[in-house]
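Summary of structural features
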Amino acid sequence: MRLIKKALISLLTIFILVFSLVLIACDQGSTSVYDGNYQEITPQQLYADTKDLPELDEENLSNVKIYLKAETTQTSDTSITSNALTLSYTIGECDYSIYPETHIQMTYEASAKTDGKKEEYQSLITNIYIIEDRCYADISEKISTHGNETEYSTKKEINSYELEQLLNQFTGAFEPSQDVKEPQTEEEFISYVNELYSSHGVKILADTSNGIKVKMEIADEEKYANYIKEQENLYGYDIEMNDVVSYVVFDKDNNFKALKDFTDIRANSLKDSIRSITNLEIKAFSGKLNIPSDFSDYTPLS
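Residues numbered from 1 in each chain as written. Predicted model: local features only at pLDDT ≥ 70, side-chain atom pairs only at ≥ 80, totals over all residues. Heavy atoms only, no water.

What to know about the pattern of salt bridges
For the structure on display, the rule yields nine salt bridges. Between lysine 51 and aspartate 52 there is a salt bridge whose closest N-O contact spans 3.5 Å. According to the relative accessible area criterion, lysine 51 is partly exposed, its value standing at 47%. Owing to a relative accessible area of 55%, aspartate 52 belongs among the exposed residues under this scheme. Ionic pairing is found between aspartate 294 and lysine 155, a salt bridge with its closest N-O pair at 2.7 Å. Of this pair, aspartate 294 sits in the loop between strand S12 (272–284) and strand S13 (299–300) while lysine 155 sits in strand S7 (residues 148–158), and the two are 139 residues apart along the sequence. Assessed through its relative accessible area of 32%, lysine 155 is described here as partly exposed. A cluster of three or more residues bridged by salt bridges with shared partners is formed by Lys203, Lys215 and Glu217. (Salt bridge = Lys/Arg side-chain N within 4 Å of Asp/Glu carboxyl O. Buried < 20%, exposed > 50% of the residue type's maximum accessible area, 1.4 Å probe, protein only. Helix = DSSP H or I, 4+ residues; strand = E, 2+ residues; numbered from the N terminus.)

Here it is in structure tokens:
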């Protein structure tokens, strides 16, 4: 059971690190939990306002829903290649069981076209359910190559190692390319935020009128474009940023409420154009999970 918890904690850690390192954005549509009267603040103010906030770790990892969708499309004169990953990760209330009921749904789609013709397509959908100390996986896959289609589906009971392998297949692309040292002291925190300002070209704003809402947005587009080029090895490309901003929200009692990020970035060169859209949201969750009743049909994977 400890390994199951470790695998899920690792998955959540990836999301938190993505929030810290890859500045993302949110649409500015209707009124939402992210709206507020934001004012720019110093790193010292940010530390003072956030130092007592709880962490999202195994001690309070329940009643949370995470949604992630990442899409990349690469277009050239002769071909279009696209990839899309969607992940929904819901953890219910921890009643009297060892671990709260958990549902993870992962969907991956990829396609490639040459001269306007769709030549290859792959779709993989995996639903994972964790009920007390047992894990179940419902997997379906469809592959089409030059008009020839194959389909596969299976329902398996899996162990903690197999769970970790399934999660790694989907989340490996989101692991940071460098080790991240979490700031431990006020001095380290302020230094870290100043580094975001100087190397990433961002600024941080906050609304402390009713709890704490933190917003991160671009202040210097040229610096941020250079940061993207370095991180993604896109030297020789011109970077267009359609929308880049981040939010995290806690209420007046320091309860976590929401985190939302969205990026829409395009990289253009003489030979091709790459557009990357990423939408990440983590929210407090209440309610019952929709858990299947046919687990007796799931057979051991190994």
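Focus on the confidence of the model for the protein
Residue-level pLDDT values for the protein average 77, and 78% of them are 70 or greater. The model gives residues 1–30 a pLDDT under 50, and that stretch makes 88 contacts with residues more than four places away or in other chains. (pLDDT = per-residue confidence, 0-100. Contact = heavy atoms within 4.5 Å.)

Some thoughts on the pairing of strand S9 (residues 212–218)
With respect to burial, S9 is a largely interior element, six of its seven residues being buried. Strand direction decides the pairing type here: strand S8 (residues 202–207) and S9, joined by six bridges, are antiparallel. Looking across to S9, one finds that isoleucine 204 is bridged to methionine 216. (Pairing = 2+ DSSP bridges.)

Some thoughts on the packing of helix H2 (residues 43–50) against helix H4 (residues 186–200)
Where H2 meets H4, the axes come as close as 9 Å, and the angle between the chain directions of the two elements is 130 degrees. Judged by the inter-axis angle, H2 sits oblique to H4. In terms of crossing hand, the pair formed by H2 and H4 is right-handed. Between H2, through Pro43, Gln44, Leu46, Tyr47 and Thr50, and H4, the contact on the second element is made entirely by Glu186, Phe189, Ile190, Val193, Asn194 and Tyr197. (Axes fitted to C-alpha atoms, helices over the stretch in contact; angles between N-to-C directions. Parallel < 35°, antiparallel > 145°, perpendicular 65-115°, else oblique. Left-handed = near helix turned anticlockwise from the far one by under 90°.)

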